[in-house]
Amino acid sequence: NGGRMAHGKVTITVDEYSSNPTQAFTHYNINQSRFQPPHVHMVDPIPYDTPKPAGHTRFVCVSDTHSRTDGIQMPYGDVLLHMGDFTELGLPSEVKKFNDWLGGLPYEFKVVIAGNHELTFDKDFMAELVKQDYYRFPSVSKLKPEDFDNVQSLLTNCVYLQDSDVTIKGFRIYGTPWSPWFNGWGFNLPRGQSLLDKWNLIPEGVDILMTHGPPLGFRDWVPKELQRVGCVELLNTVQKRVRPKLHAFGHIHEGYGIMTDGYTSFVNASTCTISYQPTNPPIVFDLPNPSSS
Ligand SMILES: Nc1nc2c(ncn2[C@@H]2O[C@H](COP(=O)(O)O)[C@@H](O)[C@H]2O)c(=O)[nH]1
Ligand SMILES: [Mn+2]
Ligand SMILES: [Mn+2]
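In the nomenclature of an unreviewed UniProt entry, the protein corresponds to Metallophosphoesterase MPPED2 from the organism Tetraodon nigroviridis. UniProt, in the comment section headed Sequence similarities (unreviewed entry), describes the protein in these words: "Belongs to the UPF0046 family." Of the comments in the UniProt record for the protein, the one headed Subunit (unreviewed entry) reads "Homodimer."

Structure, rendered in structure tokens:
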């Protein structure tokens with residue numbers, strides 16, 4: 001059911017319930033107690049004035065700011081993590097505004113990934129959009145290719161990750177923008193092998209995983225549809241192969257909050273609510289510094 005061992009290496013395979021995450025959740029909960037306490041439970045965010053323990057790094061997690069950063073109160077920390085949807089459409093003007101906001105923040109390091117709203121960051125998506133005469137996104141159609149060809153280079157005030165990693169203060173951080181297909185936005189891929197191919201690029205030994213969307217079962221509930229929408233293969237990759245200490249994401253605005261499975265902490269840092277109001281506070285998370293040995 002989604003994973004096997006060969007020569008000591010775990011290989012994740014497409015789960016039999018991949019295409020129906022709500023059913024997958026029920027099945028694995030009933031048959032394997034996979035989402036049950038005591039291991040799996042909600043976690044309260046730490047107050048901003050909590051002293052940072054010695055030998056720890058403080059991460060400040062935000063996501064889904066959707067060009068609405070004015071007025072967000074940013075807490076003290078060492079490293080900012082932004083899990084995508086920093087714009088509405090990926091327009092260069094939006095990216096510049098976001099980059100200016102980043103430039104004014106006091107963190108030593110800032111790490112950013114894209115989400116499905118950063119249309120111009122997804123080269124294949126833009127190529128398809130041009131072929132379809134841009135009929136779905138009229139304001140993107142006003143852009144000339146030379147306006148967005150190097151849109152990544154507008155992000156001068158952060159480390160931008162796209163299926164890539166960076167080591168900061170001894171933490172290996174991997175970031176990837178892909179999420180399950182939903183209404184044909186950027187970085188959308190079908191559930192199953194297509195997304196698993198992206199998750200298979202995540203190396204073992206990653207301490208912090210940044211994805212745009214949630215894994216199955218952790219802050220992935222969409223109340224208006226009574227559905228779980230997290231990716232089953234992402235959950236299996238996180239729990240059975242990569243085992244990061246922190247998995248940070250956003251995308252499902254209603255899922256804002258923290259959970260743990262007893263080993264990995266799952267942070268849905270969506271700043272915007274379901275009505276795109278940027279009122280969910282940034283989530284602060286302390287991790288012990290990796291030993292240098
Ligand atoms: N039923 C599903 N709803 C989804 C999915 N992905 C997103 N959503 C809903 O949209 C909002 C906002 O997402 P955004 O990417 O447009 O900012 C999210 O909070 C959900 O309510 C999905 O795969 N299935
Ligand atoms: Mn969003
Ligand atoms: Mn999104």
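Q: Just checking my understanding: could you explain the site of ligand 1 for this structure?
A: Around ligand 1 there are 15 residues in total, and His117, Lys224, Glu225, His253 and Glu254 lie nearest to it. Take His117: an N or O atom from its side chain is 2.7 Å from an oxygen atom of ligand 1. Within the backbone of His253, an N or O atom sits 2.9 Å from an oxygen atom of ligand 1. Expressed as a share of its isolated accessible area of 500 Å², the protein-covered part of ligand 1 is 93%. Counting atoms within 2 Å of the grid points, the majority share of ligand 1 lands in the largest pocket. Of the residues contributing to the shell around ligand 1, the split by class is five nonpolar, six polar and four charged.

Q: Can you help me understand the environment of Trp185 in this one?
A: With respect to the helices and strands, the residue Trp185 is situated in the loop between strand 10 (179–180) and strand 11 (188–189). Sequence separation between Trp185 and Gly115 is 70 residues, and the spatial gap between their C-alpha atoms is 9.2 Å. Here Trp185 is in contact with Glu88, Leu89, Asn116, His117, Leu119, Phe125, Arg136 and Phe137, once residues within four sequence places are set aside.

Q: Quick question: what am I supposed to make of empty space enclosed by the protein here?
A: Evaluation of the coordinates by the stated rule reveals one cavity of 30 Å³ or more. Empty space within the largest cavity amounts to approximately 40 Å³. Lining the largest cavity are Ser67, Thr69, Phe86, Glu94, Lys97 and Phe98. Per-class residue counts for the lining of the largest cavity are two nonpolar, two polar and two charged.

Q: Which parts of the structure should I look at to understand the layout of surface pockets?
A: Left-over empty space is what a probe sized like a water molecule reveals as it rolls over the atoms. One number sums up the size of the largest pocket: a volume of about 480 Å³. The wall of the largest pocket is formed by 24 residues, among which Phe182, Val222, Lys224, His251 and Ile252 lie closest to the centre. Classifying every residue of the lining of the largest pocket by side-chain character gives 10 nonpolar, eight polar and six charged. Roughly 270 Å³ of internal volume is contained in the second largest pocket. Along its surface, the second largest pocket is lined by 15 residues, and Phe125, Glu128, Trp181, Gly184 and Trp185 are the ones closest to its centre. Counted by class, the lining of the second largest pocket contains eight nonpolar, three polar and four charged residues.

Basis of the calculations
Residues numbered from 1 in each chain as written. Chains lettered and ligands numbered in written order. Predicted model: local features only at pLDDT ≥ 70, side-chain atom pairs only at ≥ 80, totals over all residues. Heavy atoms only, no water. UniProt positions renumbered as here; feature names shortened; annotations may be inferred. Near = heavy atom within 4 Å. Polar contact = N/O pair within 3.5 Å; in protein donor to acceptor, adjacent residues only side chain to side chain. Areas by Shrake-Rupley, 256 points an atom, 1.4 Å probe, with all protein chains shown as cover. 1 Å grid on protein atoms, 1.4 Å probe; cavity = no way out; pocket = protein on both sides within 12 Å on 5 of 7 lines; lining within 4 Å. Sits in = over half its atoms within 2 Å of the grid points. Nonpolar A, V, L, I, M, F, W, Y, C, P; charged D, E, K, R; others polar. Helix = DSSP H or I, 4+ residues; strand = E, 2+ residues; numbered from the N terminus. Contact = heavy atoms within 4.5 Å. Points joined across faces, edges and corners; volume = space filled by probe spheres on them.

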